[in-house]
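# Analysis of the macromolecular model
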Amino acid sequence: MKKDNSRRSFLKNISLASFSALALAGCNMKEIDEFLQKNFRVLSEKEKTDIIRSLEEKYKEKYDKEFHVSAKPAMEGVLFGYALDLSKCIGCRKCVYACSEENNQSREPQIQWIQVLQMEKEKGIDFAHSNIHYNPEKVPEEGYFYVPVQCQQCENPPCVKVCPVKATWKEPDGITVVDYNWCIGCRYCMAACPYGARHFNWGEPNVPAEEINTNMHYLGNRPRMKGVVEKCTFCIQRSREGKYPACVEICPVGARKFGNLLDPNSEIRYILENKRVLVLKQELNTQPKFYYFFGV
Amino acid sequence: MKNQNKKLSVLFLAFFTAMAIFSGCLNDNKIDQINTEMQSIQSDGKYTEIAVEQPPFSIGIFPCSDCHSLIEPNPARRELVEMHDDIDEIFHHDSENRWCLDCHDTNSRDSLKLASGKLLDFKESYKLCGQCHGNKLRDWKVGVHGKRTGNWNGEKEYLLCVHCHDPHAPKFKELMPEPPPVRQEDIH
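This section reports on the structure supplied with the text. Keep in mind that this is a model prediction, so the values were computed, not measured. (Residues numbered from 1 in each chain as written. Chains lettered and ligands numbered in written order. Predicted model: local features only at pLDDT ≥ 70, side-chain atom pairs only at ≥ 80, totals over all residues.)

## Some words on the overall build of chain B
- Of regular secondary structure, chain B possesses seven helices and six strands.
- Ordered by position from the N terminus, the helices and strands of chain B form the series α-α-β-β-α-α-β-β-α-α-β-β-α.
- Of all 188 residues assigned to chain B, the portion counted as buried reaches 12%. (Helix = DSSP H or I, 4+ residues; strand = E, 2+ residues; numbered from the N terminus. Buried ≥ 20, exposed ≤ 12 C-beta atoms within 10 Å, placed from the backbone.)

So, in structure tokens, the structure goes:
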């Protein structure tokens, strides 16, 4: 038999081979669908509903619980803003763990969206000499103050600009979100973020089934995959329902304030109009919607 | 802008006066459901704020009149020995110039009293605190000092000053911090 070395037969064989490899690899239709899924922003309502239903089923199978995954869009006339009172924060890290539980962050390997920086009062805000591993018996410690840092929800987000596949974007209510299915894990956004607010799933994320929060948003706290980037979303699954984010609710000193920047009667507007306010790394023109203030 | 602010503050004033007059006639069903005794510090239709908890009395200590109705009041400033000596011991709130009967009423033991002599329910203790800490009271009323929980665009819950600050020793107590994050080099 004569060997056929033509380009045509090569293409034919390779497509056959890859198809059979796909079939042999045990890929079911769902996984193929997921692989071929479009970017969240171009999905039709029907496609969103179908995807969410299949996600809910998938999670139920994995965790043996009923899940609610929302794809609720931004509310009209809402631009979220956050303020943190530096004169009150005592560095207890309760926000870090409340965030982790609310947003299903991987426990092992550990991912935390909030980092609390301890700084010396004498040096002022000085990132280079800050410490996130402080661990005394009691906080606050004499001579130190604390600066919790999480996603600053920039109006001009450098992370969004650098994403080569448009897997991350700023929503109309000002929250920068990630489509985990579309993220290719290149981590350009992590390099671009001046606040260290983005985190990469180097390993398979792991949340114990009894601790998983079943109230989810597609663009927020649904379980992530290995190889994707994640970040704070102002608890999108809570804030779009009108609730305060988990870190606001847990803070024992009431240092965390949240609301609608477009509402002149909101707490956040009162702070901006009446308190001494600063943003981190203002010189970078990222225009954070996360403000630090002095309540005293 | 300035004019607007003025208008706003007039509105606020009018509103608080109205609240003071009508407190107790609150008709919001939702609030009634949660706790009939709680009162609202702010309610303009859009925002409603309700107290989450009762004033934090030590167990078995209220009403004060249970004991005090049997005791002849002694208005002389003195060191307490048999009862409330624990409070005397921790008392650190301008202790040089103040003592029990500056805030507690000599005759109506179940009430607090303002400097004016006006009696005050324990649920409104923030007004007593506000006599000296006016700027804090102002910030607290708008939800900037202290903690708010609930809805950023709707019903909110507040805590009283005394839920976080012991009125006899108001400095916020130190806490044990949660564990620090795993060090990068310890992640495998």
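Next comes the rest of the description.
## A look at the sheet that holds strand β10 (residues 256-260) of chain A
All names here are of chain A.
- Strand order across the open sheet formed by four strands is β10-β2-β12-β11, with mixed pairing between neighbours. Lying at the two open borders of the sheet, with one neighbouring strand each, are β10 and β11 (276-278). Strand-to-strand twist of the sheet, defined as the mean angle between neighbouring strand axes without regard to direction, takes the value 30°.
- Pairing of strand β2 (residues 80-85) with β10 involves five bridges; the strand directions are antiparallel. (Pairing = 2+ DSSP bridges. Axes fitted to C-alpha atoms, helices over the stretch in contact; angles between N-to-C directions.)

## Observations concerning the interface of chain B and chain A
- Every contact between the two is made by 24 residues of chain B and, on the other side, 33 residues of chain A.
- Its residues placed into classes, the side of chain B that touches chain A shows eleven nonpolar, eight polar and five charged. (Contact = placed C-beta atoms within 7 Å. Nonpolar A, V, L, I, M, F, W, Y, C, P; charged D, E, K, R; others polar.)

## What to know about the pairing of β2(A)
- Of all the six residues making up β2(A), six are buried; the element is thus mostly covered by neighbouring parts of the structure.
- Across the two faces of β2(A) the burial is the same, with Phe80(A), Tyr82(A) and Leu84(A) and Gly81(A), Ala83(A) and Asp85(A) all buried.

## Examining the environment of Pro264(A)
- Examined against the element boundaries, Pro264(A) turns out to sit in the loop between β10 and α9 (267-274).
- Residues Pro264(A) and Glu45(A) lie 219 residues apart in sequence; the distance between their C-alpha atoms is 33 Å.

## What about α9(A)?
Residue and element names in this part refer to chain A.
- Looking only at α9, the buried set comprises Glu267, Ile268 and Ile271. Each buried residue of α9 lies within a common arc of 100° when the element is viewed along its axis, so the set occupies one face.
- Each element contacted by the buried residues of α9 is listed here: β2, β10, β11 and β12 (290-294). (Arc of directions from axis to C-beta.)

## Section: the nonpolar core
- The biggest cluster of nonpolar side chains holds 60 residues, and the ones touching the most others in it are Cys95(A), Cys99(A) and Cys247(A).
- At the level of elements, β2, α4 (94-102), β4 (144-149), β6 (176-178), α8 (246-250), α9 and β12 of chain A are the ones that each hand at least two residues to this core.
- In this structure Cys95(A) touches Ile114(A), Pro148(A), Cys247(A), Ile250(A), Cys251(A) and Arg256(A), once residues within four positions along its chain are discounted.
- With seven residues, the next largest nonpolar core counts Tyr126(B), Leu128(B), Leu160(B) and Cys161(B) among its residues. (Core = buried A, V, L, I, M, F, W, Y, C linked by C-beta atoms within 7 Å.)

## Some words on the environment of Thr149(B)
- Note on placement: Thr149(B) falls in strand β5 (residues 148-150).
- Its 17 C-beta neighbours within 10 Å are what place Thr149(B) among the partly exposed residues.
- The spacing of Thr149(B) and Leu159(B) is ten residues in sequence and 9.1 Å in space, taken between C-alpha atoms.
- Once residues within four sequence positions are removed from consideration, Thr149(B) is found in contact with Tyr244(A), Glu249(A), Lys156(B) and Glu157(B).

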